[in-house]
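Residue-level structure breakdown
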Amino acid sequence: MKVSGLILAGGRASRMGGGDKCLIAIGGRSILAHLIERLAPQVETLAIGANGDPARFEAFGLPVLPDASSGGTVPAENEGPLAGIVAGLGWAEARGQDALLAVSGDTPFIPRTLGRSLAAAMSAAPARCAVARFGGEPYPLAALWATSLRSDVEKRFRAGERAVRIVQRSLGAAHADFDGGYDPFLGANTPADIEALEALWESGAVRD
């Protein structure tokens, strides 16, 4: 299976004074740097999904994909993460890839086996989408999407659907369970989350 990766970096740190959450430092490195290190070996090509000036990501050397537009009056940056997934699926499909591995841009410690485990779950079901799960809780923004879903997902998006979880459920998505001593999908949503992520880094638990 040929897989492209997409880091959904559209989240704004509104509860922490604004800015790009993916550029927050954990362990002396940006969350985005942690994600690239973990995700790049799992995919053939990798991109960042973000709106606004792409120059702020220039140092990372990756293409930056703006979110898809629904064609309505809502700016693309307010359409939610499904807009980024639609854009990523189109980008991967145009490059002849079989699937898109999309992850949230505020989760620095995703599993290094994420893509492999999701692909296995998708194959076993069989299904065309697989979602990561930890402690029984699905993480819709850690998922593998077959590029053959691009037109279907885009149609749902343009019809007004914005909930990634609902789209995945309607597609009959498979699940891959992850376990361990920490939540590998913990995101940097609040100052308390930042402290928890820093503590994970300091503990050495995520330095595999």
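Relevant structure appears above.
Residues numbered from 1 in each chain as written. Predicted model: local features only at pLDDT ≥ 70, side-chain atom pairs only at ≥ 80, totals over all residues. Heavy atoms only, no water.

Digging into the overall build of the protein
When its secondary structure is counted, the protein shows 6 helices and 9 strands. For a compact globule of 208 residues, the expected C-alpha radius of gyration is about 17 Å, and the protein comes in at 16 Å, within 12% of that figure. With the C-alpha coordinates of the protein rotated into their principal frame, the extents come out at 45 × 40 × 30 Å. In the protein, which comprises 208 residues, the share counted as buried stands at 49%. (Helix = DSSP H or I, 4+ residues; strand = E, 2+ residues; numbered from the N terminus. Rg over C-alpha atoms; globule rule 2.2 N^0.38 Å. Buried < 20%, exposed > 50% of the residue type's maximum accessible area, 1.4 Å probe, protein only.)

Focus on the packing of aromatic side chains
Both the distance between ring centres and the angle between the ring planes are used here to describe each pair of aromatic rings. Using the criterion set out here, one finds 3 aromatic pairs in the structure. Geometrically, the ring pair formed by Phe109 and Trp201 is stacked, given 6.2 Å between the ring centres and 10° between the ring planes. Taken as a pair, Phe109 in the loop between β6 (99-104) and α3 (114-124) and Trp201 in helix α6 (residues 191-203) lie far apart in primary sequence, 92 residues in all. On the basis of relative accessible area, Phe109 is assigned to the buried category, the value being 2%. Among the aromatic side chains, those forming a connected cluster through ring pairs are Tyr139, Phe178 and Phe185. (Phe/Tyr/Trp six-rings, centres within 6.5 Å; stacked < 30°, edge-to-face > 60°.)

Regarding the side chain of Asp67
Summarising the element assignment, Asp67 is placed in the loop between β5 (64-65) and α2 (81-94). With no salt bridge to any partner, buried Asp67 finds its closest opposite charge in Arg56, at an N-O distance of 9.3 Å. A polar contact is formed between the side chain of Asp67 and the side chain of Asn51, at a distance of 3.0 Å. (Lys, Arg positive; Asp, Glu negative; His and termini not counted. Salt bridge = Lys/Arg side-chain N within 4 Å of Asp/Glu carboxyl O. Polar contact = N/O pair within 3.5 Å; in protein donor to acceptor, adjacent residues only side chain to side chain.)

Focus on the side chain of Asn51
Among the secondary structure elements, Asn51 is positioned in the loop between β4 (45-49) and β5. What makes Asn51 buried here is its relative accessible area of 16%.

A short note on the sheet that holds β4
In space, the 7 strands of this open sheet follow the order β5-β4-β1-β6-β8-β7-β9, with mixed pairing throughout. The open sheet has two edge strands, β5 and β9 (174-178), and neither has a second partner. Pairing of strand β7 (residues 129-134) with strand β8 (residues 137-146), which is carried by 6 bridges, proceeds in the antiparallel orientation. Considered in β8, the bridge of Cys129 is made with Trp145. Sheet contacts for helix α1 (residues 31-39): β1 (3-8), β4 and β6; angle to β1, the most-contacted strand, approximately 165°. The sheet strands contacting α3 are β6, β7, β8 and β9, and the helix crosses β9 at an angle near 140°. (Pairing = 2+ DSSP bridges. Contact = heavy atoms within 4.5 Å. Axes fitted to C-alpha atoms, helices over the stretch in contact; angles between N-to-C directions.)

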